[in-house]
Amino acid sequence: MVKKSNQIAATTLNKNDLIVIGGAGGFIGGALVRYFHDQGFTRIRAVDKKPLPDWYQRTPGVECLCMDLQYEDNCKRACEDAVEVYNLAADMGGMGFIERFRIECLRSILINTHMVEAAYRAGAKRFFFSSSACAYNVELQKDPNSRALKETDAYPAMAERGYGWEKLMSEMFCQEYWAERGFETHIARFHNVYGPWGTWVGGREKAPAAMCRKVIEAKDTGSDEIIIWGDGTQTRSFMYIDDCVKGVDMIMHCDELIAVPINLGTSHLISINDLVSLSEKIGGVTLKRIYDPDMPKGVAGRNSDNTFIKQILNWEPDTPLEDGLKKTYNWIEQQHKDRKAGKKIVD
Ligand code: NAD
């Protein structure tokens with residue numbers, strides 16, 4: 001018999017139950033649409049504010065709606081007849097974005113506020129909210145060797161300004177919908193997600209994609225230099241996209257995780273300097289490192305404590321960074337070639 005805590009959509013839903021995914025034109029939302037589609041779900045509604053040609057991935061046979069989910073009426077339309085709603089829509093990016101555009105990040109509260117209400121009113125069975133490790137208390141992340149963050153470390157609250165506070169507040173909305181109204185919500189705190197079909201250029205990209213791109217560009221232009229934000233000693237953990245969507249599915253269908261935030265990330269801590277070395281190894285080059293202390297670098301150290309997820313799901317994200325980064329590097333290399341050839345790219 002399948003253990004209750006190891007349920008997934010395929011064991012819980014009917015194949016024609018309507019699954020709604022907000023932010024489906026972006027990296028993780030787009031991957032989640034494909035994941036459910038590949039499992040045979042026949043009614044998936046993908047929603048994003050971007051015009052369709054700008055969506056990162058489009059899965060054939062999926063209903064696509066271009067709507068701004070900051071608005072209540074659009075959320076109502078998006079959630080009509082939904083059995084499950086996954087909200088991945090947010091105005092976000094890597095450190096370069098979230099340190100500079102705090103107001104935009106905070107405004108995502110409108111999306112989550114209206115989406116959870118619309119899902120509840122539509123009579124959906126479950127709601128998923130994509131929170132972030134940025135919701136954790138920054139005081140615990142001042143050292144590159146800071147201990148890994150466990151779920152209880154979000155309080156006393158001192159989240160990352162802007163983006164982190166929005167996530168923490170939206171988590172609370174989800175928790176209160178369960179406590180007061182009995183509406184089933186699930187919350188994952190993602191730790192840096194990377195992989196093909198993610199932002200790799202333009203200012204919103206995160207460190208793994210940025211490092212791959214910089215190595216590829218250096219090789220292409222014959223430059224022997226790479227610019228690194230900060231001093232490169234900052235540490236993070238990075239989760240491959242396939243692990244992320246699998247984790248979202250498991251978390252959404254676990255009865256022990258109703259309104260209980262949980263880490264979704266790897267516990268493999270790596271410094272930005274070592275991430276550069278790995279990218280160089282994949283690219284087959286060694287570059288001269290130029291450090292720019294004035295660029296955004298985020299907290300000094302952040303890792304995911306996976307004790308809870310292992311206990312509850314008997315699983316944790318496990319794609320080795322080198323394997324995932326190779327796939328990401330190859331994909332970005334092709335994107336880079338396509339861009340030079342004037343073709344449409346993900347940006
Ligand atoms: P992304 O930027 O690739 O995708 C987000 C999508 O949301 C975009 O396509 C954007 O157009 C859409 N969107 C923004 N505002 C919208 C609005 N008002 N209405 C409709 N659509 C809107 O980001 P992602 O990496 O796929 O992240 C998805 C979720 O996961 C976000 O909530 C993000 O905060 C969270 N998260 C991501 C990471 C990561 O490493 N990628 C880490 C922690 C948390």
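Up top is the structure.
Overview of the structure. Note that the coordinates shown come from a computational prediction; the quantities given were computed from them, not determined experimentally.

## Examining the side chain of Lys 167
Moving on, step 1. Examined against the element boundaries, Lys 167 turns out to sit in helix 6 (residues 163–181).
Moving on, step 2. Excluding residues within four positions of it along the chain, Lys 167 makes contact with Ala 90, Phe 129, Ser 130, Ser 131, Ser 132 and Ala 135.

## Quick look at the nonpolar core
Moving on, step 1. Core analysis: the largest hydrophobic core is formed by 67 residues, its most contacted members being Ile 21, Phe 36, Tyr 86, Phe 190 and Leu 264.
Moving on, step 2. Two domains share this core, each providing at least three of its residues, namely domain 1 (16–193 + 239–264) and domain 2 (207–236 + 269–340).
Moving on, step 3. Apart from the residues lying within four places of it in its own chain, the contact partners of Tyr 86 are Ile 19, Val 20, Ile 21, Gly 22, Leu 32, Phe 36, Phe 128, Val 248, Met 252 and His 253.
Moving on, step 4. In terms of nonpolar packing, the next biggest core, distinct from the first, is built from 24 residues, Leu 65, Val 116, Ala 124 and Ile 187 among them.

## Some points on the sheet that holds strand 11 (residues 262–264)
Moving on, step 1. One open sheet accounts for seven strands, arranged 3-2-1-4-5-6-11; its pairing is parallel. Looking at the sheet topology across the chains shown, the edges are occupied by strand 3 (63–66) and strand 11. The mean angle between the axes of side-by-side strands here comes to 20 degrees, regardless of whether they run parallel or antiparallel.
Moving on, step 2. The pairing of strand 1 (residues 19–22) with strand 4 (residues 84–87) spans four bridges and is classified as parallel. Its bridge partner being in strand 4, Val 20 is matched across the sheet by Val 85.
Moving on, step 3. The strands touched by helix 2 (residues 27–38) are strand 1, strand 2 (44–48), strand 4 and strand 6 (184–190); relative to strand 1, the strand with the most contacts, the crossing angle is about 160 degrees.

## Observations concerning the pattern of salt bridges
Moving on, step 1. In total, this model carries 22 salt bridges according to the counting rule given.
Moving on, step 2. Glu 316 is the salt-bridge partner of Lys 310, the closest N and O atoms lying 3.8 Å from each other.
Moving on, step 3. Since its relative accessible area comes to 42%, Lys 310 is described here as partly exposed.
Moving on, step 4. Salt bridges sharing common partners tie together Arg 45, Glu 63, Arg 77 and Glu 80.

## Here's the deal with the environment of Ala 46
Moving on, step 1. When you line up the elements, Ala 46 lands in strand 2.
Moving on, step 2. Each C-alpha atom of the pair Ala 46 and Gly 30 lies 8.2 Å from the other, and the pair is 16 residues apart in sequence.
Moving on, step 3. When residues no more than four places from it in sequence are discounted, the contact partners of Ala 46 are Ile 21, Ala 24, Val 33, Trp 55, Val 62, Glu 63, Cys 64 and Leu 65.

Analysis parameters
- Residues numbered from 1 in each chain as written.
- Predicted model: local features only at pLDDT ≥ 70, side-chain atom pairs only at ≥ 80, totals over all residues.
- Heavy atoms only, no water.
- Helix = DSSP H or I, 4+ residues; strand = E, 2+ residues; numbered from the N terminus.
- Contact = heavy atoms within 4.5 Å.
- Core = buried A, V, L, I, M, F, W, Y, C linked by side-chain atoms within 4.5 Å.
- Buried < 20%, exposed > 50% of the residue type's maximum accessible area, 1.4 Å probe, protein only.
- Domains from an automatic or database assignment.
- Pairing = 2+ DSSP bridges.
- Axes fitted to C-alpha atoms, helices over the stretch in contact; angles between N-to-C directions.
- Salt bridge = Lys/Arg side-chain N within 4 Å of Asp/Glu carboxyl O.

Keep in mind that these numbers describe shape and distance, not what the molecule does.
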